[in-house]
Amino acid sequence: MNEKPVLMDSMKERMAVIAAKESVKKALQICYDEADYALEEQIKISEIESPTFAEGVRAEAFAGLLKQYGLKDVVIDESGIVVGRRPGKGNGPVVAIAAHLDTVFPAGTALKVRREGDTLYGPGIGDDASGPRSVLQTLRALEKAGIETEGDILFVGTVGEEGNGDIRGSKALFDGSRKIDGFIGVDMANVHTVQNGATGAHRWRLAIEGEGGHSYVDYGKIPSAIHAMCRAGAKIADMELPEDPKTTYTIGTIKGGTTVNSIAAHCEVDVDLRSVNVEELDKLEKFVLGCFEKAVEEENAHWVKADPKNHLKLVKTQIGNRPAGMRPADCPVVQAALGAMDVLGLEVKRFGPSSTDANKPMSMNIPATCIGTGGVCCNEHSLKEYFIADKIWLGPQTTVLAVLALVGMDGEKGALA
């Protein structure tokens, strides 16, 4: 976790002016008053099956709700993301507010939510049904309070945020076809959290392919894919990586071989490489891939009697590329989040990098952050996931204040102008 930056006087003053407006007070009150309605909406969203790469049904439902709550310009693009535009007066920047629609749970998972008091039990009930709930509540609050803004606000449901989805929805949002000056990701239930950096992740499937053979009859003549993989693992096992910027690696999965008495013809691993620093991530990637290439060369060279046609080869397939980046302490979007939390009396307990939809805009040097949705989420990504509906209005209240500070209202330019 990074040291929390100081809230700048300019943002503190801007936020005080915004929070004092009667229309804004009304919007914040609506977030509070509609908490029960919003929670029921979160349950309905959670019960719509939406595995990564198959988010269509939930996307249609989310788009329908954006229209129901007042947006006329709502589209589902070719990537599957939902984008609804709330137009301003045309005198300010464009800010996107986004939550991801996908979950880690495969098709056929039982998603019926069980409720006990203020606690909801169900796979995906928090991650990320709480995100769309907070985004929709933000829209309803702005509409019902009759707030006009200088700049446009995009309300977005992304796809492919989880796992091998590789934030494909965020990448599609920032493909250059739209003007977007700032981004607020709404993820992570904890409202005491602000993301100021993007933990980049390069993921590779590295397969070693060969001919294979009998462990006794072909010994010395045919190199082993598993032996080569072991050589590669040994080369990277004792790597010394920097603690600052934090940089990590892991071989997450391994599979190969057929029987105990066979020389393996195939072995593959999935490797995860991470850093918040682009240069360190690229350097790590070059080193790790080089280790696998060297390991295959050494295994082939070890068996001098092996016919070259039986030599092993390395097949490299990139299966993930989440870009990295860091935002400075004076980033307007980060400052807006800090300012909103200050108005609401929320202590910033976690400030640092993470891996969310905010990665893409951060890597492009577009002002961005990710903030909490409200409530408490536990056992995420498991069938035992549950969500505690504790002060869930704080998520959309934070978003309302932050986005208004960025896009501007009542003739005042936003912080991104």
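Structure shown above.
Just so you know, these numbers come straight off a predicted model, no measurement behind them.

Draft legend 1. Layout of the packing of aromatic side chains. Tallying each qualifying case throughout the model produces 4 aromatic pairs. For the pair tyrosine 121 and tyrosine 386, a centre-to-centre distance of 5.6 Å together with 35° between the ring planes defines the contact as tilted. Within this pair, whereas tyrosine 121 is found in strand E5 (residues 119-121), its partner tyrosine 386 is found in strand E19 (residues 386-388), the two being separated by 265 residues in sequence. Measuring from ring centre to ring centre gives 5.7 Å for phenylalanine 174 and phenylalanine 183, while their planes differ by 70°; the resulting arrangement is edge-to-face.

Draft legend 2. Molecular detail of the pairing of strand E1 (residues 73-76). For E1 and strand E2 (residues 82-86), the ladder comprises 4 bridges, and the chain directions are antiparallel. Looking at E2, one finds that valine 75 is bridged to valine 83.

Draft legend 3. Fine view of the pairing of strand E8 (residues 193-198). Counting buried residues in E8 gives 6 out of 6 residues, a clear majority hidden from the surface. In this sheet, strand E16 (residues 350-354) lies alongside E8 in parallel orientation, the contact comprising 5 bridges. The residue bridging glutamine 195 from the neighbouring strand is glycine 352, located in E16. Direction of pairing for E8 relative to strand E15 (residues 325-326): antiparallel, over a ladder of 2 bridges.

Draft legend 4. Focus on the environment of phenylalanine 292. Its place among the elements puts phenylalanine 292 in helix H8 (residues 278-302). The exposure class assigned to phenylalanine 292 is buried, which follows from its relative accessible area of 0%. When neighbours within four sequence positions are excluded, phenylalanine 292 is seen to be in contact with Leu206, Met229, Ala232, Ile236, Ile251, Val269, Val271 and Leu314.

Draft legend 5. Quick peek at the pattern of salt bridges. This model, assessed by the stated rule, comprises 27 salt bridges. Residue glutamate 268 is joined to lysine 255 by a salt bridge in which the shortest nitrogen-to-oxygen separation is 3.6 Å. Here glutamate 268 is found in strand E13 (residues 266-275), whereas its partner lysine 255 is found in strand E11 (residues 247-256), with 13 residues between them in sequence. On the accessibility criterion, lysine 255 (53% relative accessible area) is exposed. Sharing partners across several salt bridges, the network here consists of Glu34, Glu41, Arg140 and Lys144.

Draft legend 6. Here's a closer look at the sheet that holds strand E18 (residues 376-378). Here 4 strands make up an open sheet; going across it, the order is E4-E5-E19-E18 and the pairing antiparallel. Because the sheet does not close on itself, it has two edges, and the strands there are strand E4 (114-116) and E18. Across this sheet, the average inter-strand angle for adjacent strands is 20°, counted without regard to direction. Relative to E5, E4 runs antiparallel, the two being bridged by 3 bridges. For arginine 114, the partnering residue across the bridge sits in E5 and is tyrosine 121. Of the strands in this sheet, E4, E5 and E19 are in contact with helix H3 (residues 35-46), which crosses E4 at around 150°.

Draft legend 7. Just the packing of H3 against helix H5 (residues 130-144), in detail. Running from amino to carboxyl end, H3 crosses H5 at an angle of 135°, the nearest separation of the two axes being 9 Å. As the angle between them shows, H3 and H5 are arranged oblique. For the pair H3 and H5, the sense of crossing is right-handed. Of H5, the residues touching H3 (which contributes Tyr37, Ala38, Glu41, Gln42 and Ile45) are Ser130, Pro132, Arg133, Leu136, Gln137 and Arg140. In terms of residue class, the contact of H3 with H5 is made up of 5 nonpolar, 3 polar and 3 charged.

Reading guide: rules and limits
Residues numbered from 1 in each chain as written. Predicted model: local features only at pLDDT ≥ 70, side-chain atom pairs only at ≥ 80, totals over all residues. Heavy atoms only, no water. Phe/Tyr/Trp six-rings, centres within 6.5 Å; stacked < 30°, edge-to-face > 60°. Helix = DSSP H or I, 4+ residues; strand = E, 2+ residues; numbered from the N terminus. Pairing = 2+ DSSP bridges. Buried < 20%, exposed > 50% of the residue type's maximum accessible area, 1.4 Å probe, protein only. Contact = heavy atoms within 4.5 Å. Salt bridge = Lys/Arg side-chain N within 4 Å of Asp/Glu carboxyl O. Axes fitted to C-alpha atoms, helices over the stretch in contact; angles between N-to-C directions. Parallel < 35°, antiparallel > 145°, perpendicular 65-115°, else oblique. Left-handed = near helix turned anticlockwise from the far one by under 90°. Nonpolar A, V, L, I, M, F, W, Y, C, P; charged D, E, K, R; others polar.

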